[in-house]
Structure formats: C-alpha cells, structure tokens
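Observations on the three-dimensional arrangement
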Amino acid sequence: MNTNKMYYGDCMDLSMQLPDDYVDLVVTSPPYADTLSYGKDIPTFHPDNYVDWFLPLFQDAARFLKPTGSFILNIGDKVISKKRSIYVFDLICRIERETGLCLHDRYIWAKKNGLPSGSAPRRLDDRVEYIFHFVRKEKNKKGEYKKTPEAFKADIDPMRLPYAEISKKRMKAPVGFNKTVDENGIASIPRKSVTFNDKGKIPTTVMDFVGAGTLRYTGAKHPAPFHPDLPRWFIKWLTTENDIVLDPFMGGGTVAQVCQDMNRQWIGFELNESYKPMIESRISGLQNTNN
C-alpha cells in the first residue's frame, strides 16, 4: 500500500492490506453514532451497534502500528432518551480489554467557539469532545499481549508553552507538596524549590482547539469538517518528518493536507467517493479553503 495516496472503500477491509509495523500515527475523527448523514449509501450506526462496528479497526491497528506508534481518536457522545449515552466509554473499555492497544491517556477538547447546544433546562451547554490516545501493548516471548504499554515515540519540547509570569514568581520561592500522610491521616507538607524548563511548560490535558464550525464559513462542503489544528498538534508531538500518518476516515482531506504541510507521509481511507473531488483538489494545492 503506497503512501501519499487515497484509497476508497471500507476502512475495516482496507486496513488489512497495511503491512505489519508500518504506521507511525493514526489520527482520526470517525462518524459519531447516529449524528450526521454522510450520504444515502453510507451507513450510520446506533450507539447500541457502534462499538461492534468500530472495534475491528483497533484490533487490526495493533498489527499495523509500529511498536513506537500512537492512535489518536477524536470522538463525541450524545444524549439519547434524556440521558447521556455511554457508548464512547464502552468502546474505550473494550479496546483496552479486547485488543493489542492500551489507553495511554485521555484529553479533553474544550471548544472555545462551539455553538450553543440547546435550551434544555436541566443540561449545561455542551462544548466538550474527547480525544483518546492509544499505544501498543508489549508482547511476551510467546507473542501474547501484556498489560504494559510500549514506549511510544514523542517529543514534548516543541509542544511546550510559555510560563505565566505569576508562575515564574511563585517558583522563585519554595513550593509546598502534599507528599506524606501519617497514621492519623495528617499530611506533612515539605517545601522545596522548583526549577522551570527554559523551553517552557508542558501543556495540560485540556485542549482548546478551534471548532470545525468556523470552517463552514469558508465554503467547507463536508458535513463534519475536521479543523486542521487538532491533527497538526498531535502530528507535531508524535511524529517526525517522513513518518507515516493514517486517517482511516479521511472525509474532506484535512489530515492529508496537514501531512503535506509538515513533510509527513500519509495514507487515507474514505468510504464516500463523492468526497474524492474535494480531497484531490485540497491535496493538489488547488483549493485553499478548509473542507
């Protein structure tokens, strides 16, 4: 399977054509359960069936990901019959239990420009999505998966952020740490000086990427456009130049375009061939808007 190329078809089938230990990073945002129509010939899945449909991709990812690779999944949930569906959490638990991947971390995407979610009197304005970070599990000598993760590839220094001035002032004095609790439950709080890294602080697990809704004003034609800031952040953190990035739900071509901009190789899968013109125009540089 060649890089820098689109493949049209079901990603569950296409992924099986990928060589073993081949992909450095998967970054994707799949169709959410029963949320949008992607065309009359494209199936949607009820939350009750969503996990069974999606799980085979993760089972195969443990094969085609490099031992140092990562799988970044951006996904949202929904309210059904007046209660929050747990299908996303069911998916995460089954990936952990039934595949060769394990959950390294979860990140919260707090949308800073999200649209109001409605006027239900008992619900807050929902502007959050999840980003889950999976890595491969180690194998024992028999080739069986262990519970421990592989040491995945990452470079945190380019992701560091400037310290706030108040933080710099606080770190000049000893800072208290709640480290020790005696038999009576009383905490002793030792104080020690903290040095800051000249390259900046490590980002938090709460992220504030711009929502894709802004892209609709630029002529985006995909019903759920993927804002490039999200894949760009993880591609920068988890890969280096010429690494291979896979998006099994390529949609309008965002990940391919970001990879080209960052000198990464890419592979895209997409079921809906109606998106082919917008993807090809985007990756050929003929279209400057974000689809």
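Relevant structure appears above.
The structure presented is a predicted model; accordingly, all values stated were derived computationally and were not measured.

1. Some words on the side chain of Arg-160
Positionally, Arg-160 belongs in the loop between strand 8 (145-149) and helix 4 (165-170). Arg-160 gets classed as buried once you look at its relative accessible area, which sits at 17%. Reaching out from Arg-160, the side chain makes a polar contact with the side chain of Asp-157 at a distance of 2.8 Å. Looking at Arg-160, its side chain comes within polar contact range of the main-chain oxygen of Gly-200, at 2.8 Å.

2. A short note on the pairing of strand 3 (residues 65-75)
Among the 11 residues of strand 3, eight are classified as buried, and the element is accordingly described as predominantly covered. As paired strands, strand 2 (residues 23-28) and strand 3 are joined by five bridges and run parallel to one another. What sits directly across from Val-23, in strand 3, is Leu-65. Relative to strand 7 (residues 128-139), strand 3 runs antiparallel, the two being bridged by six bridges. Across the sheet, the residue bridging to Asn-74 is Ile-131, located in strand 7.

3. Things to note about the pattern of salt bridges
Enumeration according to the criterion identifies 16 salt bridges in this entry. Residue Glu-129 is joined to Lys-111 by a salt bridge in which the shortest nitrogen-to-oxygen separation is 2.6 Å. With Glu-129 in strand 7 and Lys-111 in the loop between strand 6 (101-110) and strand 7, this residue pair connects regions lying 18 residues apart in the sequence. The salt bridge partner of Glu-138 is Lys-146, with a shortest N-O separation of 3.7 Å. Lys-146 sits in the partly exposed class, given a relative accessible area of 36%. Each of Asp-20, Asp-60 and Arg-63 takes part in a single network of salt bridges with overlapping partners.

4. Quick notes on the environment of Phe-89
Looking at where Phe-89 falls in the secondary structure, it is placed in helix 3 (residues 87-98). Residue classification places Phe-89 among the partly exposed residues on the basis of a relative accessible area of 37%. Residues Phe-89 and Asp-77, spaced 12 residues apart in sequence, show a C-alpha to C-alpha distance of 9.2 Å. Sequence-distant contacts of Phe-89, defined by excluding residues within four places in its chain, comprise Asp-77 and Tyr-130.

5. Some words on the packing of aromatic side chains
Per the stated rule, a full pass over the model turns up 20 aromatic pairs. Look at Phe-54 and Phe-249: their rings are 5.7 Å apart centre to centre, the planes differ by 80°, and that puts the pair in the edge-to-face class. Of the two residues, Phe-54 is situated in helix 2 (residues 47-64) and Phe-249 in the loop between strand 14 (244-247) and helix 6 (254-261); the sequence distance between them amounts to 195 residues. The buried category is assigned to Phe-54, whose relative accessible area is 0%. The exposure class assigned to Phe-249 is buried, which follows from its relative accessible area of 14%. An aromatic cluster is present here, built from Tyr-50, Trp-53, Phe-54, Phe-58, Phe-71, Tyr-87, Phe-134 and Phe-249 joined pairwise through their rings. Against the face of Trp-109 rests Lys-111, its NZ or CZ located 5.1 Å from the ring centre.

6. Some points on the packing of helix 5 (residues 229-238) against helix 6
Across the interface, helix 5 lies against helix 6 with an axial gap of 9 Å and an inter-helix angle of 45°. On the basis of the axis angle, helix 5 is oblique to helix 6. Considering the relative orientation of helix 5 and helix 6, their crossing is right-handed. Each of Pro-231, Arg-232 and Ile-235 in helix 5 lies in contact with helix 6, whose residues at this interface are Thr-254, Val-255, Val-258 and Cys-259. When grouped by side-chain class, the residues that make up the contact of helix 5 with helix 6 number five nonpolar, one polar and one charged.

Quick notes on the rules
- Residues numbered from 1 in each chain as written.
- Predicted model: local features only at pLDDT ≥ 70, side-chain atom pairs only at ≥ 80, totals over all residues.
- Heavy atoms only, no water.
- Helix = DSSP H or I, 4+ residues; strand = E, 2+ residues; numbered from the N terminus.
- Buried < 20%, exposed > 50% of the residue type's maximum accessible area, 1.4 Å probe, protein only.
- Polar contact = N/O pair within 3.5 Å; in protein donor to acceptor, adjacent residues only side chain to side chain.
- Pairing = 2+ DSSP bridges.
- Salt bridge = Lys/Arg side-chain N within 4 Å of Asp/Glu carboxyl O.
- Contact = heavy atoms within 4.5 Å.
- Phe/Tyr/Trp six-rings, centres within 6.5 Å; stacked < 30°, edge-to-face > 60°.
- Lys NZ or Arg CZ within 6 Å of the ring centre and 35° of its normal.
- Axes fitted to C-alpha atoms, helices over the stretch in contact; angles between N-to-C directions.
- Parallel < 35°, antiparallel > 145°, perpendicular 65-115°, else oblique.
- Left-handed = near helix turned anticlockwise from the far one by under 90°.
- Nonpolar A, V, L, I, M, F, W, Y, C, P; charged D, E, K, R; others polar.

Worth remembering: the numbers are spatial, not functional.
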